[in-house]
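# A closer look at the structure
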Amino acid sequence: MQITVIKNDHRGREVWRYHGTLLERGPTWIKLEAFFSRPDVVTDYHIFRQGDRFIEWFYSDRWYNIFEMYSQVDGRLVGWYCNITRPAIIERDVVRADDLALDVFVMPGGALTVLDEDEFEALPLDPATRRAARDALAELRTMIAAGSPPFESLRG
């Protein structure tokens with residue numbers, strides 16, 4: 001089943017949409033397979049290549065989503081990208097999430113980089129939203145350190 005993913009900004013305005021294939025669904029989450037459809041994006045920490053395979057988890061009860069990324073060249077795991085978001089709205093064939101700018105990139109060996117903290121700090125967020133986002137970042141750090149799903153390959 002094809003699922004439309006809609007990424008919104010912090011105000012709930014659509015900034016990007018793409019499609020993924022449903023892999024699994026639970027009462028508060030959805031797991032998709034999608035492929036990076038934009039031209040290559042070069043950053044200081046990673047190169048996102050057109051055609052890279054993403055396994056994506058969205059949660060209606062958590063303040064983040066997690067993308068496990070695989071190279072389109074050789075299929076190897078290249079890391080995880082985690083977006084701090086408001087809890088996703090998951091419908092039958094649509095997932096929406098409001099991005100709060102704060103992100104985490106995790107290398108296959110476990111090195112973690114927190115991204116866009118300055119953008120997050122500049123957003124006009126209420127204190128409760130700002131606190132929930134910081135708590136989500138702390139939860140992700142704990143999951144990564146413990147090798148909790150979907151970070152199982154980080155267990156030594």
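The structure under discussion appears in the preceding block.
Attention in this report is confined to the structure presented alongside it.

Below, the discussion takes up the packing of aromatic side chains. Counting across every chain of the model gives 11 aromatic pairs. Taking 5.9 Å as the distance between ring centres and 45° as the angle between the ring planes, the aromatic pair formed by phenylalanine 54 and phenylalanine 67 counts as tilted. Of this pair, phenylalanine 54 sits in strand β6 (residues 53-59) while phenylalanine 67 is found in strand β7 (residues 64-70), placing the two residues 13 residues apart along the sequence. For phenylalanine 54, a relative accessible area of 8% translates into the label buried. Here the aromatic cluster, defined as three or more aromatic residues joined through ring pairs, consists of Trp16, Tyr18, Phe36, Tyr45, Phe48, Phe54, Phe58, Phe67, Tyr81 and Phe105.

Residue proline 150 is reached from proline 149 by a cis peptide bond, and omega for that bond is 5°. Mapped onto the elements, proline 150 comes out in the segment after α2 (127-146). One non-glycine residue, alanine 101, adopts positive backbone phi at about 75°. Judged by relative accessible area, which is 8%, alanine 101 ranks as buried. Even without a glycine there, the phi angle at aspartate 116 is positive, about 60°. Checked against the element boundaries, aspartate 116 lands in the loop between β11 (112-115) and α1 (117-122).

The residue lysine 31 is located in strand β3 (residues 29-35) in this model. In this structure lysine 31 comes out as buried when scored by relative accessible area, which is 18%.

Across the seven residues that make up β3, a large majority, five, are buried. In this sheet, β6 lies alongside β3 in antiparallel orientation, the contact comprising seven bridges. Bridge assignment links tryptophan 29 to a residue of β6, and that residue is tyrosine 59.

About the cut-offs
Residues numbered from 1 in each chain as written. Predicted model: local features only at pLDDT ≥ 70, side-chain atom pairs only at ≥ 80, totals over all residues. Heavy atoms only, no water. Phe/Tyr/Trp six-rings, centres within 6.5 Å; stacked < 30°, edge-to-face > 60°. Helix = DSSP H or I, 4+ residues; strand = E, 2+ residues; numbered from the N terminus. Buried < 20%, exposed > 50% of the residue type's maximum accessible area, 1.4 Å probe, protein only. Pairing = 2+ DSSP bridges.

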